[in-house]
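A structural walkthrough
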Amino acid sequence: MITNTLHIKNELGQLSLVASFIEHEIETVGISNECSMQIRLALEEVVTNVILYAYPSQSGQDLSVNVAYKDGKLQITVIDTGIPFNPMEIEDPDLTLSVDKRPIGGLGIFIAKKLMNEVHYCRTDGKNILTMVKNVD
Amino acid sequence: MNIKVEREPARTIVSLSGQLDTLTAVDFEKEVSVLLNSDEHQIVLNCEGLSYVSSAGLRLLLTLQKGMMAKGGTLILEKVQSPIMDIFKITGFSSILTIRQEEDLNKE
């Protein structure tokens, strides 16, 4: 079992830290290229969402990304102490709409849900805890 | 992320390479705005070197597509690599963008 945690602030500039952190973890575990892009992407979407919306008009707030690997499953947990937000309650976008009717945006969480094998949310002790699992075998 | 723009008489070719993510989308957004405010009517987006696209990038592709349609122009994506194509399929972008792949080009 490998487990590693990154602590960052709610600033978009910190996304580059998240990218190098997850790349390093992916390399350590030895995950294939296509799968690794999907994991990176899902994490970018979830973390971007927290940075942009969890702490309205408050800077310097904390969030953490934990990665654990065991038995062919990579588990990523993103924790923040911002306003309660359950991504699982967000309705999926309507993919059948024509280009002029498709709204701009609203795809990030949907992409994360599609790319990971499992996504769970819970609110505990004032924290949003989002857990995503990718089967990497 | 690199953006290369070549203006030809009949069309403008924009080549994207590297990663189009939340951070690099800021640069591409500027280019999208320039393209939409110019009188370009045919834009070819060469995606050969594009290895990663997040929702921030998709948002700009949709903005560009909508903007080109609004001014009666066209946007064509070329040489989309398979990991990017997967993201287009998952999000339904494969049916709202005009994508011309190598195999289509060979038929011409």
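The rules behind the values
Residues numbered from 1 in each chain as written. Chains lettered and ligands numbered in written order. Predicted model: local features only at pLDDT ≥ 70, side-chain atom pairs only at ≥ 80, totals over all residues. Pairing = 2+ DSSP bridges. Helix = DSSP H or I, 4+ residues; strand = E, 2+ residues; numbered from the N terminus. Axes fitted to C-alpha atoms, helices over the stretch in contact; angles between N-to-C directions. Contact = placed C-beta atoms within 7 Å. Left-handed = near helix turned anticlockwise from the far one by under 90°. Nonpolar A, V, L, I, M, F, W, Y, C, P; charged D, E, K, R; others polar.

A look at the sheet that holds strand 2 (residues 62-70) of chain A
Residue and element names in this part refer to chain A. Reading across the sheet, the five strands line up as 1-2-3-5-4 and stay open at both edges, with antiparallel pairing between neighbours. Each edge of the open sheet is held by one strand with a lone partner, namely strand 1 (2-9) and strand 4 (118-124). Each neighbouring strand pair of the sheet contributes to a mean axis angle of 15 degrees, computed without reference to strand direction. In this structure, strand 3 (residues 73-80) lies alongside strand 5 (residues 127-135), joined through eight bridges in antiparallel fashion. Residue V78 lies in a different strand from strand 5, and its bridge partner there is L130. Packed on one face of the sheet, helix 1 (residues 15-29) meets strand 1, strand 2 and strand 3 and runs near 175 degrees to strand 1.

A look at the packing of helix 2 (residues 33-53) of chain A against helix 3 (residues 108-115) of chain A
Residues and elements named next belong to chain A. Relative orientation of the contacting elements helix 2 and helix 3 amounts to 145 degrees, with a least axis distance of 8 Å. Between helix 2 and helix 3 lies a crossing of left-handed hand. Contacts from Q38, L41, A42, E45, V46, T48 and N49 of helix 2 reach helix 3 at G108, I109, I111, A112 and L115. Partitioned by chemical class, the residues of the contact of helix 2 with helix 3 number seven nonpolar, four polar and one charged.

Looking at the sheet that holds strand 5 (residues 98-100) of chain B
Residue and element names in this part refer to chain B. Read across the open sheet, the five strands follow the order 1-2-3-4-5; overall the sheet is mixed. Edge strands, defined here as strands with exactly one partner in the open sheet, are strand 1 (2-7) and strand 5. Averaged over all pairs of adjacent strands, the angle between their axes in this sheet comes to 25 degrees, without regard to strand direction. Both strand 1 and strand 2 (residues 12-20) contribute to a ladder of six bridges, which runs antiparallel. Counterpart to I3 in the pairing with strand 2 is L16.

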